[in-house]
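A structural walkthrough
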Amino acid sequence: CCGPLKRPFEDRLPTRQEQLAVLQNTPEFDVLVVGGGATGSGCALDAVTRNLKTALVERSDFSSGTSSRSTKLIHGGVRYLQKAIMNLDYEQYMMVKEALHERANLLEIAPHLSAPLPIMLPVYKWWQLPYYWAGIKMYDLVAGSHCLKSSYILSKSKALELFPMLKKDKLVGAIVYYDGQHNDSRMNLAIALAAARHGAAIANYTEVVRLLKKTDPDTGKERVSGARCRDVITGKSHTHSHAHTHTVALELIKLMKEISAGIQTILKRVLSHVLATVQIPSPPTLQLSVSVGSSLLFSVRRGDVLAAWSGIRPLVTDPNSKDTQSICRNHVVSVSSSGLVTIAGGKWTTYRSMAEETIDAAIKEHKLTAGPSRTMGLLLEGGKDWTPTLYIRLVQDYGLENEVAQHLAATYGGRAFEVAKMAQVTGKRWPIVGKRLVSEFPYIESEVIYAIKEYACTAIDVIARRTRLGFLNVQAADEALPRIVEIMAKQLDWSEQKKTEELEAAKQFLYQEMGYRARSEQLTKTSEITLAPQEVARYKKRFYKFDKESKGFITTLDVQQVLEKLSIQIDENALHEILNEVDLNKNGQVELDEFLQLMSAVQRGQISDSRLAILMKTVEEGLDLRGPVSVDRSGGGV
């Protein structure tokens, strides 16, 4: 059981159809895992690397739940350590210590997807500075040899230099400490794909309809023996794992948990001069709709929010606790009388140790022949052959842009070369290959094709869990969707109706789950004009530079005529879209009132990325632009 690890699919992943065939035709499995989040995928990897015949089914996509909606942090839990010390709680202390150990392992086994992250804690009372400093130093101490970097204190001036938008009143300084950061959905996928490489049969969009049971002849009790499953994509049902399957590990049963929602937002980089994050000392209340802005630290306008999401934390219920903050985020492994093994609770960082404990319980309960866990230090998908300078080879060997090469290396690790080989020729002198899906982001079209090899079945899978574009900038994701759907349709032979359905489903996902409002919805007919008289005069002057005949409105033709004088060229369809964002009554023209409503909204911070506002300001200033003017989501336009 402890010989060399087998990787039967090192060179080629089985397709989803091949995986489904294995699930359907294999007479028995040792372990069937239900749930393809971080914990479930970890269970599958732990089991298969112990030479147990393993299957995993997930009713949606891998990491489609909370595992892709986390803070993106790999952390021990500073607040848990505080509670452990204040309450003399040894269990919470050990949970933090274990998490810090697992943090170090996760940074090692997927170096392309994870890295240390500086976190700044602003301090607004003098007495809090030594208090927080002592706590953070204790955090470093508990980490021991696994401490990423030593924490330190920043002066008020240095804190404001790094985060100019911080509230200055009463700020006394800040403390910086380090935790890990990772691409959570790609990390989840890397775990699942590592399990598949080692021989586990895994399938997303495969739901368990019911569990199968048989009577144990020795005890007379019913024992779980398998599952009846349904392919969500085709609707076909079949039995996975027949009467000889020993156990089922079911991830995250809801009956044992208290629900606690965590809300995260992505803000514009302009709010900070460094790649870092700010921790809020006490959690503010935010609406998922998203009404953003923490009165504690700094002002954030709606236009500054690029994306927002909420994740439900799987906290194990303590019947004596009064709120979710006091609940320990530890986990519970339980075994039912029928032999069903359940893992509930826990946190992202400790998925590996939780999986190990779960499979240990399954082995003991069902007397399986297997050795100890072998996942500590086991490289995940893409970890092998990755180096910090791998992207240079991608640039040299394939003619990719530097930014694109860095992105591919950081997303796919050693597998980045497979994506680069699929990249299409751009037709330009440089870059030679790698057509971007959206001009401002380094995602390229070949990633959509590769995503299908990674079991992506829908456009949502691509924007939310393979490329992460939906989590970085919802507007960019919306603009990339038509091309993504076209590429997937060609690969998966979708009908026109299917393409329409996929596009609409993805747009609804961005709107309902990612805090997106389409540009055309950011202004309404009832939007107020709250401009001072001198501002109205200034913007009227700008408007009439385009409305030469004083018609009271401008059309695409008016804009084109002005742009031609400055030798600026913009695609006619793109220009139509730009005006359509502000054309509230949809009559094919932008009236003066609509323009003033736009500029008023820009000033109030409701909108900070209007392409028309930016374009008209650029033209007014008479910038000597020789190429196409950039009117992307760069903000401004006032």
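Residues numbered from 1 in each chain as written. Predicted model: local features only at pLDDT ≥ 70, side-chain atom pairs only at ≥ 80, totals over all residues. Heavy atoms only, no water.

To continue, consider the overall build of the chain. Along its length, the chain carries 22 helices and 18 strands. Excluding contacts between residues fewer than 6 apart, the proportion of contacts in the chain whose partners are at least 24 apart in sequence is 72%. Total accessible area on the chain stands at roughly 29000 Å², and carbon and sulfur atoms take up 52% of it. (Helix = DSSP H or I, 4+ residues; strand = E, 2+ residues; numbered from the N terminus. Contact = heavy atoms within 4.5 Å. Areas by Shrake-Rupley, 256 points an atom, 1.4 Å probe, with all protein chains shown as cover.)

Further remarks concern the environment of Arg 436. Relative to the elements of secondary structure, Arg 436 occurs in the loop between α11 (416-422) and α12 (446-453). Between the C-alpha atoms of Arg 436 and Ser 446, which are 10 residues apart in sequence, the distance is 9.0 Å. Among the polar contacts listed, one links the side chain of Arg 436 to the backbone oxygen of Ser 439, at a separation of 2.9 Å. A distance of 3.3 Å separates the side chain of Arg 436 from the backbone oxygen of Phe 441, its partner in a polar contact. (Polar contact = N/O pair within 3.5 Å; in protein donor to acceptor, adjacent residues only side chain to side chain.)

Further remarks concern the pattern of salt bridges. Taken as a whole and assessed by the stated rule, the structure comprises 35 salt bridges. Here Glu 513 ties to Arg 69 by a salt bridge, and the two come within 2.7 Å at their closest N and O atoms. Of this pair, Glu 513 sits in helix α16 (residues 496-513) while Arg 69 sits in the loop between β2 (54-57) and β3 (73-74), placing them 444 residues apart in sequence. By relative accessible area, which is 35% here, Glu 513 ends up partly exposed. The buried category is assigned to Arg 69, whose relative accessible area is 13%. (Salt bridge = Lys/Arg side-chain N within 4 Å of Asp/Glu carboxyl O. Buried < 20%, exposed > 50% of the residue type's maximum accessible area, 1.4 Å probe, protein only.)

In this fold, Val 562 is placed in helix α19 (residues 556-565). Overall, the relative accessible area of 11% leaves Val 562 in the buried class. Considered as a pair, Val 562 and Asp 547 are 15 residues apart in the sequence and their alpha carbons are 9.6 Å apart. Among residues more than four places away in sequence, those in contact with Val 562 are Lys 545, Phe 546 and Val 619.

Bringing the UniProt feature "domain: EF-hand" (unreviewed entry) in the chain into the picture now. Per the UniProt entry, the sites bearing "domain: EF-hand" (unreviewed entry) are residues 534-569 and 570-605 in this numbering. The span residues 570-605 is 61% helical and 6% strand by assignment, and the distance between its end C-alpha atoms comes to 27 Å. (UniProt positions renumbered as here; feature names shortened; annotations may be inferred.)

In this section: the packing of α12 against helix α15 (residues 474-492). Closest axis-to-axis distance for the α12/α15 pair is 9 Å, and the angle between their directions is 45 degrees. Relative to α15, the element α12 lies oblique. For α12 against α15, the interelement crossing comes out right-handed. Contacts from Val 448, Ile 449 and Ile 452 in α12 reach Ile 484, Ile 487, Met 488, Gln 491 and Leu 492 in α15. For the contact of α12 with α15, the residue count by class is seven nonpolar, one polar and no charged. (Axes fitted to C-alpha atoms, helices over the stretch in contact; angles between N-to-C directions. Parallel < 35°, antiparallel > 145°, perpendicular 65-115°, else oblique. Left-handed = near helix turned anticlockwise from the far one by under 90°. Nonpolar A, V, L, I, M, F, W, Y, C, P; charged D, E, K, R; others polar.)

The next subject is α16. A rise of 1.5 Å per residue sets the reference length of α16, with its 18 residues, at 26 Å; its end C-alpha atoms lie 25 Å apart and thus fit the reference within 8%. Every buried residue of α16 is listed here: Lys 499, Glu 502, Ala 506, Phe 509 and Leu 510. For α16, the angular spread of buried residues about the axis comes to 95 degrees, placing them on one side. Exposed and facing more than 90 degrees away from the buried side of α16 are Glu 496, Gln 497, Thr 500 and Gln 512. Lining the buried residues of α16 we find α13 (459-466), α14 (469-472) and α15. A positive backbone phi angle near 70 degrees is found at Gly 515, which sits one or two residues after α16. (Expected span 1.5 Å × (residues − 1). Arc of directions from axis to C-beta.)

Right, let's talk about the pairing of strand β8 (residues 206-215) for a bit. Bridge count for β8 against strand β9 (residues 222-231) is nine bridges, and the pairing is antiparallel. Bridge assignment links Glu 207 to a residue of β9, and that residue is Arg 230. Where β8 folds back onto β9 in an antiparallel hairpin, the turn is made up of six residues, including Gly 220, whose phi is positive at roughly 80 degrees. (Pairing = 2+ DSSP bridges.)

Once that is clear, we can look at the side chain of Asp 61. Looking at the element boundaries, Asp 61 is found in the loop between β2 and β3. For Asp 61, the side chain forms a polar contact with the side chain of Arg 465, separated by 2.8 Å. A polar side-chain atom of Asp 61 sits 2.7 Å from a polar atom in the side chain of Arg 466. When residues no more than four places from it in sequence are discounted, the contact partners of Asp 61 are Asn 204, Tyr 205, Tyr 455, Asp 461, Arg 465 and Arg 466.

A positive phi angle, near 70 degrees, is found at Ser 63, a position not held by glycine. If you check the backbone angles, Asp 493 has positive phi at about 60 degrees while not being a glycine. Along the chain, the position of Asp 493 falls in the loop between α15 and α16. Among the residues examined, Asp 493 registers a relative accessible area of 69% and is labelled exposed.

The subject of this paragraph is the packing of helix α18 (residues 533-544) against helix α21 (residues 592-604). Two measures define how a pair of helices packs: the angle their axes make with one another and the distance between the axes. Contact geometry of α18 with α21 gives a least axis separation of 10 Å together with a crossing angle of 125 degrees. Judged on the interaxial angle alone, α21 and α18 are oblique. As α18 runs across α21, the sense of the crossing is right-handed. Note on element contacts: α21 touches α18 through Leu 592, Phe 595, Leu 596, Met 599 and Gln 603, opposite Glu 535, Val 536, Arg 538, Tyr 539, Lys 540, Arg 542, Phe 543 and Tyr 544. Among the residues forming the contact of α18 with α21, the class breakdown is eight nonpolar, one polar and four charged.

A few words now on the nonpolar core. Among the nonpolar cores identified, the biggest contains 38 residues, and Leu 45, Ile 202, Tyr 351 and Leu 380 are the most heavily contacted of them. Every element with two or more residues in this core is listed here: β1 (31-34), α2 (38-48), α4 (90-109), α7 (184-197) and α8 (351-366). Looking at this core, the element that brings in the most residues is α7, giving nine residues. Residue contacts for Tyr 351: discarding those within four places in its chain leaves Ala 38, Thr 39, Gly 42, Leu 106, Ile 109, Ile 191 and Leu 380. (Core = buried A, V, L, I, M, F, W, Y, C linked by side-chain atoms within 4.5 Å.)

Looking now at the packing of aromatic side chains. Per the stated rule, a full pass over the model turns up 11 aromatic pairs. Between the aromatic rings of Tyr 139 and Tyr 177, the centroid separation amounts to 5.9 Å while the plane-to-plane angle is 90 degrees, which identifies the pairing as edge-to-face. Of this pair, Tyr 139 sits in helix α5 (residues 128-143) while Tyr 177 sits in strand β6 (residues 173-182), and the two are 38 residues apart along the sequence. With respect to burial, Tyr 139 and Tyr 177 carry one shared label: buried. (Phe/Tyr/Trp six-rings, centres within 6.5 Å; stacked < 30°, edge-to-face > 60°.)

Let's shift gears to a nonpolar patch on the surface. On the surface, a cluster of nonpolar side chains totalling about 280 Å² of accessible area is made up of Ile 85, Met 138 and Leu 141. Within the element layout of this structure, Met 138 appears in helix α5. Taking the relative accessible area as the measure of exposure, Met 138 reaches 34% and is therefore partly exposed. (Patch = residues over 30% accessible without salt bridge, like charges linked within 9 Å, V, L, I, M, F, W, Y side chains within 5 Å.)

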